[in-house]
Amino acid sequence: MTAPVREWHGPDGMTRRTSPLTIAVAGASVVAGLVAMVIGGLIQAAATSAVVGEQGESSPFGLVIPGVVLIAAGIIQVVRWFTTTYTVFPTELVVDEGLINREHRVLPIARIQQADTHQNIVGQVLGLTEVKVDVAGASGSTQVKLRLLDRDTALALRDYLLQ
């Protein structure tokens, strides 16, 4: 017996996006990577100057590349969020993704084998959950991920897909 379907928008055929906080969560992981890269560079510079015995002049241009990468990653995350939509119909789930390489996937609900939710620590703090859907006999990729829906919507969607 499955859990009752929670209050949500239901299979109304309206096109929706994942939570806008998806951008912030993805951006936070990029920022963490850049911080690690900058700290690693500073440690390497300190170790090199200790071995060589010279005190080199630091250049502010060393922060330009991480800054450019951070801005580019932010733009990519906004575009990825804006171009990813999902629509729930009574008999199918439709997921559209991509800007340049547009992908339109129609998943018949009758062929959905598994729908899982995953919530990492950041998702727990922000109340966001990822939904992973596996489809039987689909050509190409058999899994779709809807990254970071609000928790209640994600659980209700999972329950609806598995009923």
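In what follows, the accompanying structure is described. (Residues numbered from 1 in each chain as written. Predicted model: local features only at pLDDT ≥ 70, side-chain atom pairs only at ≥ 80, totals over all residues. Heavy atoms only, no water.)

### Re the overall build of the protein chain
Note the threshold: Secondary structure elements are taken from DSSP: a helix is a run of H or I of four residues or more, a strand is a run of E of two residues or more, and numbering for both begins at the N terminus. Only protein chains enter the accessibility calculation, which uses a 1.4 Å probe; a residue is then buried when its area is under 20% of its type maximum, exposed when over 50%, and partly exposed in between. By definition, residues are in contact when any of their heavy atoms lie within 4.5 Å. Throughout, the Shrake-Rupley method with a 1.4 Å probe supplies accessible areas, and for residues the shown protein chains are the sole cover considered.
Looking only at helices and strands, the protein chain has four helices and seven strands in total. Going residue by residue from the N terminus, the α and β elements of the protein chain occur as β-α-α-β-β-β-β-α-β-β-α. In the protein chain, which comprises 163 residues, the share counted as buried stands at 29%. Expressed as a percentage of contacts within the protein chain between residues at least 6 apart in sequence, the contacts between residues at least 24 apart total 54%. Summing over all exposed atoms, the protein chain offers an accessible surface of approximately 10200 Å²; the carbon and sulfur share of this is 62%.

### Quick notes on the nonpolar core
Counted only if it meets this: Take the buried residues of types Ala, Val, Leu, Ile, Met, Phe, Trp, Tyr and Cys, join any two whose side-chain atoms come within 4.5 Å, and each joined set is a nonpolar core.
Counting 18 residues, the largest nonpolar core has Tyr86, Leu93, Val133, Leu146, Leu149 and Leu161 as its most contacted members. For this core, the secondary structure elements donating two or more residues are β2 (85-88), β3 (92-97), β5 (112-118), β6 (128-135), β7 (143-150) and α4 (151-162). Counting residues per element, this core draws most heavily on α4, which supplies four residues. Not counting residues within four places of it along the chain, the set of residues in contact with Leu161 comprises Leu93, Ile109, Ile112, Ala115 and Val133.

### Focus: the pattern of salt bridges
Convention followed: Only one rule defines a salt bridge in this text: a Lys or Arg side-chain nitrogen within 4 Å of an Asp or Glu carboxyl oxygen.
Applying the stated criterion to the full structure yields five salt bridges. A salt bridge links Arg16 to Asp12; the shortest N-O distance between them is 2.9 Å. Relative accessible area serves as the criterion here: at 37%, Asp12 is assigned to the partly exposed category. Among the ionic contacts, a cluster of salt bridges with common partners joins Glu130, Lys132 and Arg147.

### Quick word on the packing of aromatic side chains
As a reminder, the rule being used: Working definition: rings of Phe, Tyr and Trp (its six-membered ring) pair if their centres are within 6.5 Å, and the pair is stacked with planes under 30 degrees apart, edge-to-face with planes over 60 apart, and tilted otherwise. Here, over-ring charges are defined by two tests on the NZ atom of lysine or the CZ atom of arginine: distance to the ring centre within 6 Å, and angle to the ring normal within 35 degrees.
In total, this model carries one aromatic pair according to the counting rule given. Centroid distance Trp81 to Phe82: 6.5 Å. Interplanar angle 50 degrees. Geometry classified as tilted. On the accessibility criterion, Trp81 (19% relative accessible area) is buried. Note that Arg17 overlies the ring of Trp81, its terminal NZ or CZ placed 5.6 Å from the centroid. Between the NZ or CZ atom of Arg17 and the centre of the ring of Phe82, over which it lies, the distance is 4.3 Å.

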